[in-house]
Amino acid sequence: MNYPFFAFMARLKYISRWGLMRNSIPENDAEHTLQTVMIAHALAVIGREIFHKDLDPERAALLALYHDASEVFTGDMPTPVKYFTKDLRDQYQKIEDQAREKLLRTLPHELQPSYRPFVVDMEKDPLWPLAKAADTMSAYLKCMEEIRDGNSEFKEAFKSTEEKLRALHLEEVDWFMDHFAKSFRQTLDELNSNVK
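Residues numbered from 1 in each chain as written. Predicted model: local features only at pLDDT ≥ 70, side-chain atom pairs only at ≥ 80, totals over all residues. Heavy atoms only, no water.

K.L.:
How should the packing of helix α8 (residues 128–148) against helix α9 (residues 155–167) be read in this particular structure?
P.N.:
Think of two packed helices as two axes; the pair is described by the angle between the axes and how far apart they sit. Close contact between α8 and α9 brings their axes to 9 Å; oriented N to C, the two are set at 150 degrees. The angle between the axes of α8 and α9 places the two elements in the roughly antiparallel class. Considering the relative orientation of α8 and α9, their crossing is left-handed. Here α8 contributes A133, T136, M137, A139, Y140, C143, M144 and I147 to the contact with α9, which in turn contributes K155, A157, F158, T161, E162, K164 and L165. Grouping the constituent residues of the contact of α8 with α9 by class yields 10 nonpolar, two polar and three charged. (Axes fitted to C-alpha atoms, helices over the stretch in contact; angles between N-to-C directions. Helix = DSSP H or I, 4+ residues; strand = E, 2+ residues; numbered from the N terminus. Parallel < 35°, antiparallel > 145°, perpendicular 65-115°, else oblique. Left-handed = near helix turned anticlockwise from the far one by under 90°. Contact = heavy atoms within 4.5 Å. Nonpolar A, V, L, I, M, F, W, Y, C, P; charged D, E, K, R; others polar.)

Now the structure itself:
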């Protein structure tokens, strides 16, 4: 039997993000996922190395790797639509849950238990808050890049996303913002001038 799990995952590159916004830099789910994985890993490393917490960066990265996997079936619903009403949010959550279960079934039965914690049950994991924070951080950095490139369309999204990140009260997130995020405002020449 042929199992389409990885063929579905490869389709993340066809799912556009920020559907309600005018983008100067188009972004798809595969690009967003890669950045979210790197940030989730970094947040856990920061937690472990800077704040001396017992965290597993590789597990945080895996949680982030599949955080939007259900969108291979649902597409990316813009945040304002997803949260338009409580009823809509609740219904969308049910659809996401069903899509995750459906995706898990595209794996051989023997492999499903190994993937379930990341594809279906990720929100039950103690590291999920870091993976979810990485997802939000990726959106924040996207907004920052758009504004840097003169797209004022993202000003309100930038402000609300920054407030959301600060409201998490996660020291790993605050440390990342203070030490890494500001560089996303810089041009390539400015980035290069910082390298000794």
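K.L.:
Sorry if this is basic, but what is going on with the environment of E27 here?
P.N.:
Relative to the helices and strands, E27 is located in the loop between α1 (5–10) and α2 (29–49). Along the chain, E27 and L62 lie 35 residues apart, while their C-alpha atoms are 21 Å from each other. In this structure E27 touches I15, S16, R17, W18, H32, S138 and K142, once residues within four positions along its chain are discounted. A distance of 2.9 Å separates polar atoms of two side chains, one belonging to E27 and the other to W18. (Polar contact = N/O pair within 3.5 Å; in protein donor to acceptor, adjacent residues only side chain to side chain.)

K.L.:
What is the right way to read unusual backbone geometry from this model?
P.N.:
Peptide bonds are, in most cases, trans, and in most cases residues other than glycine have a negative phi. Although it is not a glycine, W18 adopts a positive phi angle of roughly 60 degrees. Residue classification places W18 among the buried residues on the basis of a relative accessible area of 16%. Even without glycine at this site, H52 takes up a positive phi of about 55 degrees. Mapping H52 onto the fold places it in the loop between α2 and α3 (57–65). The class of H52 is exposed, set by a relative accessible area of 67%. (Buried < 20%, exposed > 50% of the residue type's maximum accessible area, 1.4 Å probe, protein only.)

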